[in-house]
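Examining the three-dimensional arrangement
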Amino acid sequence: RLARRGLEFYLAGGNLAGALDAARVWLRISPDDAEAVSTEMALSAASGQTSGLAQALRKQIDAATDKKTAIGQAVAVLSRMPDRAVAFSILDRAINESNAKQSVSARLALADMAQLAGENERSLTEAKAALAVAPRSEDAAMRVFEYGLKVDPDQAQKDARVFIAAHPDARRLRLMLTS
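Everything numeric in this text was worked out from a predicted model, so none of it was measured.

This paragraph deals with the overall build of the chain. For the chain, the count of helices and strands is eleven helices and zero strands. In the chain, the order of α-helices and β-strands from amino to carboxyl end is α-α-α-α-α-α-α-α-α-α-α. Its C-alpha atoms give the chain principal-axis dimensions of about 60 × 30 × 25 Å. Counting all 179 residues of the chain, 39% fall into the buried class. The contacts in the chain between residues at least 6 apart in sequence include a share of 49% that link residues at least 24 apart. Surface accessibility of the chain: about 9,700 Å² in total, with carbon and sulfur atoms responsible for 53%. Between the averaged position of the 24 positive side-chain charges in the chain and that of its 22 negative side-chain charges there is a distance of 2 Å.

See the structure below:
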């Protein structure tokens, strides 16, 4: 509890290096505390110390019973990084080495992170992979449309129309297509 309190004081004072040290002490004292683990990873990412981060995130994803939540937590950790390309690379390694690599949430997380990193082709590829895993997923179809507009606008519109024809209840995609 003392290490956690020290972390809070360092964060309140804006001392990232001190906060990271306190988080590491907290993690050594409580290695099974999920909050200690995620706090240490987030502070490491924010300070640019990414060595071993992909492996740590993969282990966290693999150990989780709720893969979607674990992937979301990994994305939250990496979203603090100033370099989006490095963040995407780390997420890519963590997911593709994990036992969740074929899940819709994994493919959508990669699509979103690739888009943030400016990798339009890769974001579209990952969105299409998510749609292949879950052909009825409107979220995946929306990403295929949105990210496809930056790669091949005509094909993106065709793909959206095909999905809407097969899934008439896809109102959100229909709204995206008309706007």
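Structure shown, so let's carry the discussion forward.
Time to look at the layout of surface pockets. Space inside the largest pocket adds up to approximately 200 Å³. Around the largest pocket, the lining residues are Lys68, Ile71, Gly72, Val75, Val104, Ser105, Leu108, Ala109, Asp112, Asp139 and Arg143. Contributions of two or more residues to the lining of the largest pocket are made by helix 5 (67–78), helix 7 (104–116) and helix 9 (138–148). Considering each element in turn, the lining of the largest pocket owes the most residues, five residues, to helix 7. Classifying every residue of the lining of the largest pocket by side-chain character gives five nonpolar, two polar and four charged. When its volume is computed, the second largest pocket comes out at roughly 160 Å³.

With that out of the way, let us pick up the environment of Glu35. Structurally, the position occupied by Glu35 is in helix 3 (residues 34–46). The exposure class assigned to Glu35 is partly exposed, which follows from its relative accessible area of 37%. Once the C-alpha coordinates of Glu35 and Met142 are considered, the two residues, 107 residues apart in sequence, prove to be 33 Å apart.

Here we come to the environment of His167. Mapped onto the fold, His167 is located in the loop between helix 10 (153–166) and helix 11 (171–178). In this structure His167 comes out as buried when scored by relative accessible area, which is 14%. In the structure, His167 is positioned 30 residues away from Ser137 in sequence and 9.6 Å away in space, judged by C-alpha atoms. Beyond its immediate chain neighbours, meaning those up to four positions away, His167 contacts Pro135 and Arg136.

Two residues of an α-helix separated by three or four positions point the same way, owing to the 3.6 residues in each turn. Most of helix 9 sits out of view: eight of its eleven residues are buried. Of the residues making up helix 9, those classed as buried are Glu138, Ala140, Ala141, Met142, Val144, Phe145, Tyr147 and Gly148.

With that out of the way, let us pick up the nonpolar core. Membership of the largest hydrophobic core comes to 26 residues, with the highest contact counts inside it found for Leu57, Leu78, Leu91 and Ile95. In terms of residue count, helix 6 (residues 84–96) provides more of this core than any other element does, six residues in total. Non-local contacts of Leu57, meaning those with residues more than four positions away in its chain, are made with Met41, Ala74, Leu78, Ile90 and Ala94. Formed by ten residues, the second largest nonpolar core is a distinct cluster that contains Met142, Phe145, Leu173 and Leu177.

Evaluated as defined, the whole model comprises nine salt bridges. Its salt-bridge partner being Arg58, residue Asp62 comes within 3.0 Å of it at the nearest N-O pair. Placement of the pair is Asp62 and Arg58 together in helix 4 (residues 53–63), with a separation of four residues, close to one helical turn. On the basis of relative accessible area, Arg58 is assigned to the buried category, the value being 18%. Each of the salt bridges in this network shares a partner with another, and the network as a whole consists of Asp92, Arg107, Arg122 and Glu126.

Cut-off values and rules
Residues numbered from 1 in each chain as written. Predicted model: local features only at pLDDT ≥ 70, side-chain atom pairs only at ≥ 80, totals over all residues. Heavy atoms only, no water. Helix = DSSP H or I, 4+ residues; strand = E, 2+ residues; numbered from the N terminus. Buried < 20%, exposed > 50% of the residue type's maximum accessible area, 1.4 Å probe, protein only. Contact = heavy atoms within 4.5 Å. Areas by Shrake-Rupley, 256 points an atom, 1.4 Å probe, with all protein chains shown as cover. Lys, Arg positive; Asp, Glu negative; His and termini not counted. Charge placed at Lys NZ, Arg CZ, Asp CG, Glu CD. 1 Å grid on protein atoms, 1.4 Å probe; cavity = no way out; pocket = protein on both sides within 12 Å on 5 of 7 lines; lining within 4 Å. Points joined across faces, edges and corners; volume = space filled by probe spheres on them. Nonpolar A, V, L, I, M, F, W, Y, C, P; charged D, E, K, R; others polar. Core = buried A, V, L, I, M, F, W, Y, C linked by side-chain atoms within 4.5 Å. Salt bridge = Lys/Arg side-chain N within 4 Å of Asp/Glu carboxyl O.

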